[in-house]
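# Overview (structure and organization)
Below are the chains, spelled out letter by letter.
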Amino acid sequence: MMPSQHDILMRETLRLAEQGYGRVSPRPLVGSLVVQQGVIVGRGFYHEPEPAHAEVWALREAGARARGATLYVNLEPCSHHGRTPPCTEAIIAAGIHRVVASIRDPNPQVNGRGFEQLRAAGIEVLTDVLAVEGVKLNEVFIVNQLEHRPFVHLKLAVSLDGKIATCTGQSQWLTGAAARLAGQNLRHRYDAIAVGMGTVLADDPQLTDRTGQYRHRPLARVVFGSARARLPLTGRLAQTARQIPTWLVTVNSAGNTADLAELEELGVRLLRVEADAQGRPHLDQSLAGLFSEGIASLLVEGGSALAGTFVDHRLVDKVTWFIAPRIIGGATSLSAIGGCGAATLNDTLDLAEVTAEPAGSDWALTGYAGQT
Ligand code: AOF
Ligand code: ZN
C-alpha cells in the first residue's frame, strides 16, 4: 500500500523531532511542519536552551503563509501556560486550518485539552498518524509522565552463550569497534549511565559520551553501592566528579563516614536511600531520587549483579544486547544477569517488538520488556 500524504509528512516531522536528541531532556522530542498547498513553508523542532516549542518555530518560519495551512506535529499541542504561552493559542492566532498529530500528550496538564481547544476553535484535528512511531520516539517522556521515574534501558555486551567475562574476569573487549560505537550513540540519547560498584572496581570506567555530538547537559554517572563498598577516591569517576555529575547511591546505614565525606569533597553527590532485604539500595527509592534530580533516562550498563537487580524488580523498559558471535564457555564465567532470576519459565522477563541488527561482526538485539 502506498503511504498516505499524511504519513509521508509525519515521517518528516518525526525526523525533525529527532534532531532534539541530547537537547531536550527532561522534555519531549517534538517536530512540526506547516504545509500550504502541499508545500512545506515552516519547520521547527524543540531544542534547549530555547524555550520555544516546535510548533512556534514552524509558525514563525511560515509567517503569513500559515493562514489556511495544515500544521503537522508529533505531540499534541500544549494547552497550558508553562515557560511559554500555549501552542494552541499560537496555532489559532496563525489561522491554521487543520492540525495533524501523532500522539496525545501524556502530560496531565495537557492530556487531550490541546486537541479540545483546537476543535472548539473550528480547526480540523486528525490524530494517531504514525502513532506507533510517535510513541516510540517519546518512550522516555511517556514513562516519565505516567510513572514518575526514569526510563530504564539495559545495555550489555555478551558472548553467544550469554557471558560478559571469561573465567579469569576478562571482558575488554568482547564486541568489536562497530558495536562499541553503537553503544556510544546510545549513551548520547540518555541522561545518565548506571553501573554497579563491582564494575567500577574491576574496570575503573569513565562512562562518558564520546560521540562528540552536542548535548545540553553532561551525561551523568550513577554508581550503585552498598553499605560497605566504596567508590575509590583515586578512580576516574571520583577524580572527574567536579566536571561531570557523578552520583553514588548508597544506603542510609552507610552512615557519615570519613571516606564518604572525602568523596563529597571531590564533588561526588550522595543519594541515600533505605536498604532492601539484601542490604542494597532500595531500587524504587533510588529511581525516584534520581528522577527528582532531573534524570529522566538511565542506561544501565552492568555488571551482572546490578542488571540482575533491575531484572528481578522488573524495572527495565528496554533492552539492548550487543552479541558477539563467540563462545566463552565455562561454568564459572560470569553470565549477563545475576540476581535471583526466574524460578519457572512462567516467570521469565519476556521481550516484545524484538529487532536484530548487525553491528560489524556483532549483532545488536533490542526489545521492550512487557509489563508482567
Ligand atoms: C516542549 N517542546 O515543542 C512541545 C512541548 O516546560 P514547558 O513550559 O516548555 O512545557 C513543556 C510541556 O509542553 C511538555 O511537557 C509537553 O507537555 C508540552 N509540549 N514541550 O518542551 C515542545 N510541543
Ligand atoms: Zn507547546
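As a convention, each chain's residues are numbered from 1 in the sequence order in which they are written. Think of it this way: whatever chain is written first is A, whatever ligand is written first is 1, and the rest follow in order. Two thresholds apply to this predicted model, a pLDDT of at least 70 for residue-level local features and 80 or more for giving and counting side-chain atom pairs, whereas whole-chain, interface and lining totals are computed over all residues.

Further remarks concern the overall build of the chain. Secondary structure is summarised from DSSP: a helix means a run of H or I of at least four residues, a strand means a run of E of at least two, and numbering begins at the N terminus for each. When helices and strands are counted, the chain shows 12 helices and 14 strands. Relative to the compact-globule value of 21 Å for 372 residues, the chain shows a C-alpha radius of gyration of 23 Å, a close match. Dimensions of the chain along its principal axes, counting C-alpha atoms only, are 70 × 50 × 40 Å. In this scheme the burial state of a residue depends on its C-beta neighbours within 10 Å: 20 or more other such atoms mean buried, 12 or fewer mean exposed, and anything in between means partly exposed; the C-beta positions come from the backbone. Looking at the chain as a whole, 45% of its 372 residues qualify as buried. Only C-alpha atoms enter the radius of gyration, while the globule expectation follows 2.2 Å times N to the 0.38, with N the number of residues.

Model confidence for the chain is summarised by a mean pLDDT of 95, while 99% of its residues fall at 70 or above. Interface confidence for the predicted complex, given as ipTM, is 0.90, next to a pTM of 0.95. What pLDDT conveys is the predictor's confidence in a given residue, as a value from 0 to 100.

So, about the environment of glycine 20. Summarising the element assignment, glycine 20 is placed in the loop between helix H1 (5-17) and strand S1 (31-36). For the pair glycine 20 and glycine 302, spaced 282 residues apart in sequence, the C-alpha separation works out to 27 Å. Setting aside its immediate chain neighbours within four residues, glycine 20 contacts Leu29, Phe45, Tyr46 and His47. What counts as a contact here is a pair of residues whose C-beta atoms, placed from the backbone, lie within 7 Å.

Mapping valine 129 onto the fold places it in the loop between strand S5 (124-126) and helix H5 (131-137). Excluding anything up to four places from it in sequence, valine 129 contacts His6, Asp7, Met10, Val100, Ala101 and Ser102.

UniProt positions are given in the numbering used here, feature names are shortened, and annotations may be inferred rather than shown by experiment. With numbering matched to this structure, UniProt assigns "domain: CMP/dCMP-type deaminase" (unreviewed entry) to residues 4-126. Its end C-alpha atoms 13 Å apart, residues 4-126 is made of 30% helix and 23% strand.

If you trace the nine strands from one edge of the open sheet to the other, you get S10-S9-S8-S7-S11-S6-S12-S14-S13, paired in mixed fashion. Edge positions in the sheet fall to strand S10 (269-273) and strand S13 (351-359), since each of these pairs with one other strand and no more. Averaged over neighbouring strand pairs, the angle between their axes works out to 20° when direction is ignored. The pairing of strand S8 (residues 220-224) with strand S9 (residues 246-251) spans four bridges and is parallel. Residue pairing across strands places phenylalanine 224 opposite valine 249, the latter belonging to S9. Strand pairing requires that DSSP identify at least two bridges connecting the strands. Here an axis means a line fitted to C-alpha atoms, over the contact stretch when the element is a helix, while the angle between two N-to-C directions is reported on a 0 to 180 degree scale.

With that out of the way, let us pick up the site of ligand 1. Of all residues adjacent to ligand 1, which total 16 residues, the nearest are Val30, Tyr46, His53, Gly82 and Asn107. Each residue belonging to the shell around ligand 1 can be placed in one class, and the counts come to nine nonpolar, four polar and three charged. Each residue receives a C-beta atom built from its backbone; the residue is near a molecule or strand if that atom lies within 6 Å of it. Polar here means any residue other than Ala, Val, Leu, Ile, Met, Phe, Trp, Tyr, Cys and Pro, which are nonpolar, and Asp, Glu, Lys and Arg, which are charged; Gly is therefore polar.

To continue, consider the environment of tyrosine 368. Looking at the secondary structure, you find tyrosine 368 in strand S14 (residues 362-369). The sequence separation of tyrosine 368 and threonine 257 amounts to 111 residues, and the corresponding C-alpha distance is 40 Å. For tyrosine 368, the residues in contact, after removing those within four places along its chain, are Asp317, Lys318, Leu351, Ala352 and Glu353.

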